Amino acid sequence: MYRIGVIGGGTMGAGIAEVAARAGGDVLVLERDTDTAYLARARIARSLTRAVEAGKLARADDAADRIAVTTSLDDFADRDLVIEAAPEIEELKIEFFTKLDAIVTPEAVLATNTSSIPVIRLAGATANPGRVVGVHFFNPVPVLPLVEIVATLKTDRAVLDKVTSYARDVLGKRTIESKDQAGFIVNALLIPYLLAAIRMAESGFASIADIDEGMTAGCAHPMGPLRLADTIGLDVTLAIAESLYQEFREPHYAPPPLLRRMVDAGYLGRKTGHGFYTY
């Protein structure tokens, strides 16, 4: 897997493109127009510069030169692996998989970075669901070492092994394998914890600062749950919670009203400058 495609140059897509390029890959990123393509390039350039400043990368140009941005899905015809990192909108992802299935070669692998949508729903949009797999990175992608590899009931074992080897041996990530259920391993455990913290703040039981201090100073967590929700994005947290609740109907997966209201207000956390904290 040398020619890598990434659908979407947002926070996750840009991070995936960066680590693939830093590992020597020929990377192509899809964006919807020239303005968002420019923003994707700038996002990647800033991250590469930070890596150089931190001493983790010798030259930013070497990786940047291996990344191209396009607005045409047809350009992905030669890709060995395409990783979809579009927004968590099921209909949008299905549309991409339907189109990609008709564009890439029969040997190409189609992957999704979804954090909550069952992968089989996306695989069902293709003529060959055996080549579809979940490859869930974590934000920030260049920093966090984990990738969840998610197999559907129809994923070919050879495809699963190939993608696992790429993530582990080429990208240098640590991998865990999950069943294809909403939330997979990490978010199925993490999201109820974040929602419990939001309910605690919503009820007035404790302040935002004290809730986070309790978990950082009392449980040695590197970040409190409310600041972590801001970092993930409150819209993403809500989308994952809704997917988990739809699948399992467990009360601890139900999004609190406060979370919905904050998303409705556009208070999405760090990326908008306002969430539980102001940035």
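Residues numbered from 1 in each chain as written. Predicted model: local features only at pLDDT ≥ 70, side-chain atom pairs only at ≥ 80, totals over all residues. Heavy atoms only, no water.

Caption draft 1: The arrangement of the overall build of the protein in detail. Across its full length, the protein holds eleven helices and eight strands. Its C-alpha atoms give the protein a radius of gyration of 19 Å, within 12% of the compact-globule value 19 Å for 279 residues. Dimensions of the protein, computed from C-alpha atoms along their principal axes, come out at roughly 55 × 45 × 35 Å. Taking all 279 residues of the protein together, 47% fall into the buried category. Restricting to contacts in the protein with at least 6 residues of sequence separation, those with at least 24 account for 67%. Carbon and sulfur atoms provide 55% of the accessible area of the protein, an area that totals close to 13000 Å². Taking the average location of the 29 positive side-chain charges in the protein and that of its 36 negative ones, the two points are 2 Å from each other. (Helix = DSSP H or I, 4+ residues; strand = E, 2+ residues; numbered from the N terminus. Rg over C-alpha atoms; globule rule 2.2 N^0.38 Å. Buried < 20%, exposed > 50% of the residue type's maximum accessible area, 1.4 Å probe, protein only. Contact = heavy atoms within 4.5 Å. Areas by Shrake-Rupley, 256 points an atom, 1.4 Å probe, with all protein chains shown as cover. Lys, Arg positive; Asp, Glu negative; His and termini not counted. Charge placed at Lys NZ, Arg CZ, Asp CG, Glu CD.)

Caption draft 2: Looking closely at the packing of helix α7 (residues 186-203) against helix α10 (residues 234-248). At a minimum axis distance of 10 Å, the contact between α7 and α10 shows a crossing angle of 110°. Regarding the angle of α7 to α10, the classification is roughly perpendicular. Judged by the sense of rotation from one axis to the other, the crossing of α7 with α10 is left-handed. Packed against α7, whose contacting residues are Asn187, Ala188, Ile191, Leu194 and Leu195, the element α10 presents Thr237, Ile240, Ala241 and Leu244 at the interface. The residue inventory of the contact of α7 with α10, partitioned by class, reads seven nonpolar, two polar and no charged. (Axes fitted to C-alpha atoms, helices over the stretch in contact; angles between N-to-C directions. Parallel < 35°, antiparallel > 145°, perpendicular 65-115°, else oblique. Left-handed = near helix turned anticlockwise from the far one by under 90°. Nonpolar A, V, L, I, M, F, W, Y, C, P; charged D, E, K, R; others polar.)

Caption draft 3: The pattern of salt bridges, seen in detail. Scanning the entire structure with this criterion turns up 18 salt bridges. The closest approach of N and O atoms between Arg131 and Asp101, which form a salt bridge, is 2.8 Å. Of the two residues, Arg131 is situated in the loop between α5 (119-123) and β6 (132-137) and Asp101 in helix α4 (residues 90-103); the sequence distance between them amounts to 30 residues. With respect to burial, Arg131 and Asp101 carry one shared label: buried. What emerges from the salt-bridge pattern is a single network uniting Asp26, Asp78 and Arg79. (Salt bridge = Lys/Arg side-chain N within 4 Å of Asp/Glu carboxyl O.)

Caption draft 4: Focus on the sheet that holds strand β3 (residues 67-70). Taking strand neighbours across the sheet as the criterion, the eight strands line up as β3-β2-β1-β4-β5-β6-β7-β8 in an open arrangement whose pairing is mixed. Two strands in the sheet have a free side with no partner beyond their single neighbour: β3 and β8 (174-179). Neighbouring strand axes in the sheet, compared pairwise and without regard to direction, differ in orientation by 25° on average. (Pairing = 2+ DSSP bridges.)

Caption draft 5: Quick peek at the nonpolar core. Counting residues in each nonpolar core, the largest one holds 37 residues, and the members touching the most others are Val27, Val133, Val135, Phe137 and Ile149. Setting aside anything within four residues of it in sequence, one finds Phe137 in contact with Met12, Ile16, Ile83, Asn113, Leu146, Val147, Leu171 and Lys173. Counting 22 residues, the second-largest nonpolar core is a separate cluster that includes Ala182, Ile198, Leu244 and Tyr277. (Core = buried A, V, L, I, M, F, W, Y, C linked by side-chain atoms within 4.5 Å.)

Caption draft 6: Representation of helix α6 (residues 157-170) in the model. Relative to the 20 Å expected for 14 residues at 1.5 Å per residue, α6 spans 19 Å between its end C-alpha atoms, a close match to the ideal helical length. Looking one or two residues beyond α6, the residue adopting positive phi is Gly172, at roughly 75°. (Expected span 1.5 Å × (residues − 1).)

Caption draft 7: Inspection of the pairing of strand β1 (residues 3-7) at higher detail. Among the five residues that make up β1, four are buried, leaving the element largely enclosed by the rest of the structure. For β1 and strand β2 (residues 26-30), the ladder comprises five bridges, and the chain directions are parallel. In the sheet register, Val6 faces β2, and the bridge partner there is Val29. A crossover links β1 with its parallel partner β2, the connecting element being helix α1 (residues 11-22), and its sense is right-handed. (Right-handed = clockwise from strand over helix to strand, strands pointing away.)

Caption draft 8: Spotlight on the packing of α7 against helix α11 (residues 257-264). Axis separation between α7 and α11 bottoms out at 8 Å; the angle between their running directions is 90°. For the element pair α7 / α11, the angle class is roughly perpendicular. Here Leu195, Ile198 and Glu202 of α7 lie close against α11, whose contacting residues are Pro257, Leu258 and Leu259. Residue composition of the contact of α7 with α11, grouped by class: five nonpolar, no polar and one charged.

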